[in-house]
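Close look at the chain arrangement
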Amino acid sequence: VKGQEYTIYVRSEGCMIASYKMTLIDVPNFVSPNGDGYNDEWTIRGINATSGSTLKIFNRYGKTFVDTNFEGNYLWDGKYGGRPVPSDDYWYIVNIPSDGTIKAQKFVGHISIRNE
């Protein structure tokens, strides 16, 4: 299940060598922040295991709507300056730094926002 933490055990010849905790990140690609109670918020789940992560959300013209460092799961209500953003496609970049066990990672994708 995405957004949950798992423990991976490494064994050699039946003996445990090490264990690692990992989280599958869940990044949805659709949000409809119209107040109907369904898909009203865009939430990145599973990011809480990695401190120092960054997120940028921008439109096709490069205008940045979110540029943040965050700790824990991230939630965006589809607003900028307190007002809903126009219905359109937006892009995100999530950078996750190395924690000493995993290497740094970058996730890039898009979000469709429908305010109708």
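The rules we used
Residues numbered from 1 in each chain as written. Predicted model: local features only at pLDDT ≥ 70, side-chain atom pairs only at ≥ 80, totals over all residues. Heavy atoms only, no water. Salt bridge = Lys/Arg side-chain N within 4 Å of Asp/Glu carboxyl O. Helix = DSSP H or I, 4+ residues; strand = E, 2+ residues; numbered from the N terminus. Buried < 20%, exposed > 50% of the residue type's maximum accessible area, 1.4 Å probe, protein only. Phe/Tyr/Trp six-rings, centres within 6.5 Å; stacked < 30°, edge-to-face > 60°. Lys NZ or Arg CZ within 6 Å of the ring centre and 35° of its normal. Core = buried A, V, L, I, M, F, W, Y, C linked by side-chain atoms within 4.5 Å. Contact = heavy atoms within 4.5 Å.

Quick notes on the pattern of salt bridges
Under the counting rule described, the total for this entry stands at two salt bridges. The salt bridge involving Arg 60 is made with Asp 88; its shortest N-O contact spans 2.7 Å. With Arg 60 in the loop between strand S5 (53-58) and strand S6 (64-70) and Asp 88 in strand S10 (residues 88-96), the pair connects residues that are 28 residues apart, well separated along the chain. For Asp 89, the salt bridge is made with Arg 114, and the minimal N-O distance between the two is 3.7 Å. With Asp 89 in strand S10 and Arg 114 in the segment after strand S11 (105-113), this residue pair connects regions lying 25 residues apart in the sequence. Take Asp 89: its relative accessible area is 25%, and that puts it in the partly exposed class.

Looking at the packing of aromatic side chains
The final tally for this structure, using the stated rule, is four aromatic pairs. On the basis of an interplanar angle of 50° and a centroid distance of 5.5 Å, the ring pair of Trp 42 and Tyr 92 is categorised as tilted. Linking Trp 42 in strand S4 (residues 42-44) with Tyr 92 in strand S10, this pair joins segments that are 50 residues apart in sequence. Pair check on accessibility: Trp 42 and Tyr 92 agree, each one buried. Their ring planes at 90° and their centres at 5.3 Å tell us that Phe 65 and Tyr 90 sit as a pair that is edge-to-face. With Phe 65 in strand S6 and Tyr 90 in strand S10, the pair connects residues that are 25 residues apart, well separated along the chain. The burial state of Phe 65 is the same as that of Tyr 90; both residues are buried. Positioned above the aromatic ring of Phe 65 is the side chain of Lys 63, whose terminal nitrogen or guanidinium carbon lies 5.6 Å from the ring centre.

Concerning unusual backbone geometry
Phi angles above zero are rare outside glycine, and Asn 39 is one such case at about 55°. By the element assignment, Asn 39 lies in the loop between strand S3 (30-31) and S4. You can call Asn 39 partly exposed: its relative accessible area is 46%.

Digging into the nonpolar core
Judged by nonpolar contacts, the single largest core of 18 residues is most densely connected at Trp 42, Leu 55, Ile 57, Tyr 74, Trp 76 and Ile 111. Where this core is concerned, the elements lending two or more residues are S4, S5, S6, strand S7 (74-76), S10 and S11. By residue number, the principal contributor to this core is S10, which donates four residues. Residue contacts for Trp 76: discarding those within four places in its chain leaves Glu 41, Trp 42, Ile 57, Phe 65, Val 66, Val 85, Ile 111 and Ile 113.

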